[in-house]
Protein chains: 2
Amino acid sequence: MPNDPYKLTQYACFRTLTEDQRQAITQLAREECFYTGHILFQDEKPGTHLYILTTGEVEVLYNVGRKDPTQVDAVGEGEILGCSSLIDPYRYSSTARCLSKIETLVLDADPLRKLMEKDCQIGYSIQKCIIQMLLDRILNLRLGK
Amino acid sequence: MPNDPYKLTQYACFRTLTEDQRQAITQLAREECFYTGHILFQDEKPGTHLYILTTGEVEVLYNVGRKDPTQVDAVGEGEILGCSSLIDPYRYSSTARCLSKIETLVLDADPLRKLMEKDCQIGYSIQKCIIQMLLDRILNLRLGK
């Protein structure tokens, strides 16, 4: 990621932060591109990264019984993936695999958690955004969208 | 609610708070009991209260098309209801109706929001708990539970 905190304002989560706070986020974030079939993270593995999807689509898979992982959801632009990396026990609770080429902002979860604990205004702001996104996801799941 | 902040430790959300912080929450919380059929809140109405369900079951309803509200989910003990009362534009995004007699902790959303903004450690702590609960709800919805 270019060392430009202003670029972060394109992400709703960081818009309300001060420039100093965005500068701190910039240190642990980078823009990355992944191709169809790439596995972003796996169920039960340590939650090392949080992803904000800029373009493309990602499928969410679960191990149901002893079968191969089953697709249970698909998420697109603007979604945040890997939220469980911020919540104790800091392990992913699903597997995420790219359904198309994607562009994403990748944040290192461990320093992000520490930053959010140290500056709880950053923590509060980012979590508010995550809650909004999770509520939208629940609405869509309930309505079968 | 008895003016006893210690009682709040029975709720996971408040366990990590200091006694002073719990005291502040006590001022805007009370235990209430509602009966089968009681509507806790309605879709699109201003989000005035947050509910932590202690016992019983609540159905979640949506207006799908022009029909009567349809049940799209049911939630039970330990669940937090009315989370959208904490998120801009502070309106409920569903209707919640008691499926049984319920016991619940009722929190006044407006002073709670102000408290969470003013003391972002309280805000951060409660949000973390809400995120955990929403992630569990998403997991259950995805797995069709």
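Residues numbered from 1 in each chain as written. Chains lettered and ligands numbered in written order. Predicted model: local features only at pLDDT ≥ 70, side-chain atom pairs only at ≥ 80, totals over all residues. Heavy atoms only, no water.

**Student:** Sorry, what's going on with the interface of chain A and chain B here?
**Tutor:** By a widely used convention, the size of an interface equals the accessible area lost when the partners come together. Taken together, the 31 residues of chain A in the interface contact 31 residues of chain B. With both sides pooled, the region where chain A packs onto chain B buries about 2,900 Å², and carbon together with sulfur makes up 69% of that total. Three residues stand out in chain A for area buried against chain B, namely Tyr124, Ile131 and Arg142 of chain A, and they jointly supply 26% of the buried area on that side. For the interface between chain A and chain B, the tally reads four salt bridges. Note that glutamate 117 of chain A and lysine 128 of chain B form a salt bridge whose closest N and O atoms lie 3.0 Å from each other. One can count eight residue pairs in polar contact (both at pLDDT 80 or more) joining chain A with chain B. (Contact = heavy atoms within 4.5 Å. Buried area = accessible area lost by both parts, 1.4 Å probe. Salt bridge = Lys/Arg side-chain N within 4 Å of Asp/Glu carboxyl O. Polar contact = N/O pair within 3.5 Å; in protein donor to acceptor, adjacent residues only side chain to side chain.)

**Student:** What's the story with the packing of aromatic side chains in this structure? I'm lost.
**Tutor:** Aromatic rings in a pair are described by how distant their centres are and how their planes are angled relative to each other. Residues and elements named next belong to chain A. What the rule picks out here adds up to six aromatic pairs over all chains. Ring centres 4.0 Å apart and planes at 15 degrees place the aromatic pair phenylalanine 41 and tyrosine 92 in the stacked group. Placement of phenylalanine 41 in strand β2 (residues 39–41) and of tyrosine 92 in the loop between β6 (80–81) and β7 (95–98) is noted, with a sequence separation of 51 residues between them. Here the two residues phenylalanine 41 and tyrosine 92 agree in accessibility, since each one is buried. Following the ring pairs from residue to residue traces out a cluster consisting of Phe41, Tyr51 and Tyr92. Taking NZ or CZ as reference, arginine 113 lies 4.1 Å from the ring centre of tyrosine 90, over its face. (Phe/Tyr/Trp six-rings, centres within 6.5 Å; stacked < 30°, edge-to-face > 60°. Helix = DSSP H or I, 4+ residues; strand = E, 2+ residues; numbered from the N terminus. Buried < 20%, exposed > 50% of the residue type's maximum accessible area, 1.4 Å probe, protein only. Lys NZ or Arg CZ within 6 Å of the ring centre and 35° of its normal.)

**Student:** Which parts of the structure should I look at to understand the relation of the copies chain A and chain B?
**Tutor:** Mapping between the two chain copies consists of a rotation about an axis together with a translation along that axis. Relative to chain B, chain A is turned by 180 degrees and slid 0.0 Å along the rotation axis, the superposed coordinates differing by an RMSD of 0.0 Å. Between the two chains, the operation in question is that of a two-fold axis. Within chain A, the C-alpha atom positioned nearest to the axis of rotation is that of tyrosine 124 of chain A, 2.5 Å from it. The share of interface residues of chain A whose copies in chain B are also at the interface is 100%, consistent with both copies meeting through the same surface. (Least-squares fit on C-alpha atoms with pLDDT ≥ 70 in both.)

**Student:** Teacher, can you tell me more about the sheet that holds β7 of chain A here?
**Tutor:** Within a sheet, adjacent strands bond to each other through the backbone by hydrogen bonds, running parallel or antiparallel. Residue and element names in this part refer to chain A. Taken together, four strands build an open sheet; the order of strands is β2-β7-β4-β5 and the sheet is antiparallel. The sheet is open, and its two borders are formed by β2 and β5 (70–75), each paired with just one other strand. Adjacent strand axes in the sheet meet at a mean angle of 30 degrees when their direction is disregarded. In the sheet, strand β4 (residues 58–62) pairs with β5 via five bridges, with the strands oriented antiparallel. When the sheet's bridge partners are listed, glutamate 59 is paired in β5 with alanine 74. (Pairing = 2+ DSSP bridges. Axes fitted to C-alpha atoms, helices over the stretch in contact; angles between N-to-C directions.)

**Student:** What is the right way to read the pattern of salt bridges from this model?
**Tutor:** Close approach of charged atoms allows side chains of opposite charge to pair. The tally for this structure, following the rule as stated, stands at 18 salt bridges over all chains. In this structure, lysine 7 of chain A and glutamate 31 of chain A form a salt bridge, with 3.2 Å as the shortest nitrogen-oxygen distance. Here the residue lysine 7 of chain A occupies a position in the segment before α1 (19–26), and glutamate 31 of chain A occupies one in strand β1 (residues 29–34), the gap between them amounting to 24 residues. One salt bridge connects arginine 137 of chain B with glutamate 79 of chain B, and the closest N-O pair in it is separated by 2.7 Å. With arginine 137 of chain B in helix α3 (residues 120–142) and glutamate 79 of chain B in the loop between β5 (70–75) and β6 (80–81), this residue pair connects regions lying 58 residues apart in the sequence. There is no split in this pair, since arginine 137 of chain B and glutamate 79 of chain B are both buried. Connected via shared salt-bridge partners are Arg30, Glu32 and Asp108 of chain A.

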